[in-house]
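Descriptive analysis of the structure
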Amino acid sequence: KQEVTQIPAALSVPEGENLVLNCSFTDSAIYNLQWFRQDPGKGLTSLLLIQSSQREQTSGRLNASLDKSSGRSTLYIAASQPGDSATYLCAVRPENFGNEKLTFGTGTRLTIIP
Amino acid sequence: AAGVIQSPRHLIKEKRETATLKCYPIPRHDTVYWYQQGPGQDPQFLISFYEKMQSDKGSIPDRFSAQQFSDYHSELNMSSLELGDSALYFCASSLRGAGGNTIYFGEGSWLTVV
């Protein structure tokens, strides 16, 4: 059974700093990994998707990396801003066809201090 | 760009009542997913549909049922509601095979059972 862990559970950093969020998964047989952002009481906003064959993806100030063999992904946020405050979730999708289920981590609650 | 539309956004029901949630996927997306997120928990996969056929099933109670209609919208029917069904219910959609199957989530429907 796939298990996804995110450490730390909560993180506070001053505005302007660069930061890294971590995601680890126990079963490396994944099809892709997706990073989401969730504001309190709101939906999940897709940030980046990394295919199992890729090593990283970038979008603006965000960079996500994937090391499938070691079961790890990181989300790097450059020059953090107060608007980045949210909970960040990673989710993995299994590689076997027909299995649609995303397994989510429990998230990292990020607070950017102005 | 059009997103996943869910209705209603908020719903209050009494125990043993029935509730129906609706989901309109992003146009041309062929796969719809339903997730349940309890307070302080990560989203849990319930069920998915590909081209109007059930494609995968997760931890969906027998009291719940879902279907996808000819216009690709989906409905989640929940009967004999229990207090523990109170949660945020997400619908998501994707286009199979496109760019690694990025999954896009709606804003969610808040169900409170009293």
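Above this text sits the structure in question.
Structure report, in brief.

Thoughts on the interface of chain A and chain B
Taken residue by residue, the interface counts 22 residues in chain A and 22 residues in chain B. Of the roughly 1800 Å² buried at the junction of chain A and chain B (both faces included), carbon and sulfur atoms supply 51%. Looking at the side of chain A facing chain B, the largest losses of area belong to Leu44(A), Glu100(A) and Phe104(A), adding up to 29% of the total buried there. Our count for the contact surface shared by chain A and chain B stands at zero salt bridges. Put simply, the parts of the chain that give the side of chain A that touches chain B at least two residues each are β4 (30-38) and β5 (44-51) of chain A. In terms of residue count, β4(A) provides more of the side of chain A that touches chain B than any other element does, five residues in total.

What about the nonpolar core?
Core analysis: the biggest nonpolar cluster contains 23 residues, and Leu33(A), Trp35(A), Leu75(A) and Tyr88(A) have the highest contact counts within it. Elements that contribute at least two residues to this core include exactly β3 (19-25), β4, β5, β7 (62-67), β8 (72-77), β9 (86-94) and β11 (108-113) of chain A. With sequence-adjacent residues up to four places away left out, Tyr88(A) is seen in contact with Gln6(A), Leu21(A), Phe36(A), Arg37(A), Leu47(A), Leu75(A), Ile77(A), Gly107(A), Thr108(A) and Leu110(A). Counting 22 residues, the second-largest nonpolar core is a separate cluster that includes Leu21(B), Phe49(B), Ala66(B) and Tyr89(B).

Section: the sheet that holds strand β1 (residues 5-7) of chain B
Residue and element names in this part refer to chain B. In space, the four strands of this open sheet follow the order β1-β3-β8-β7, with antiparallel pairing throughout. Unpaired on one side and paired on the other, β1 and β7 (64-68) mark the two borders of the sheet. Each adjacent strand pair in this sheet contributes to an overall mean axis angle of 15°, direction not counted. With five bridges connecting them, β7 and strand β8 (residues 74-78) associate as antiparallel partners. Considered in β8, the bridge of Ala66 is made with Leu76.

Definitions and cut-offs
Residues numbered from 1 in each chain as written. Chains lettered and ligands numbered in written order. Predicted model: local features only at pLDDT ≥ 70, side-chain atom pairs only at ≥ 80, totals over all residues. Heavy atoms only, no water. Contact = heavy atoms within 4.5 Å. Buried area = accessible area lost by both parts, 1.4 Å probe. Salt bridge = Lys/Arg side-chain N within 4 Å of Asp/Glu carboxyl O. Helix = DSSP H or I, 4+ residues; strand = E, 2+ residues; numbered from the N terminus. Core = buried A, V, L, I, M, F, W, Y, C linked by side-chain atoms within 4.5 Å. Buried < 20%, exposed > 50% of the residue type's maximum accessible area, 1.4 Å probe, protein only. Pairing = 2+ DSSP bridges. Axes fitted to C-alpha atoms, helices over the stretch in contact; angles between N-to-C directions.

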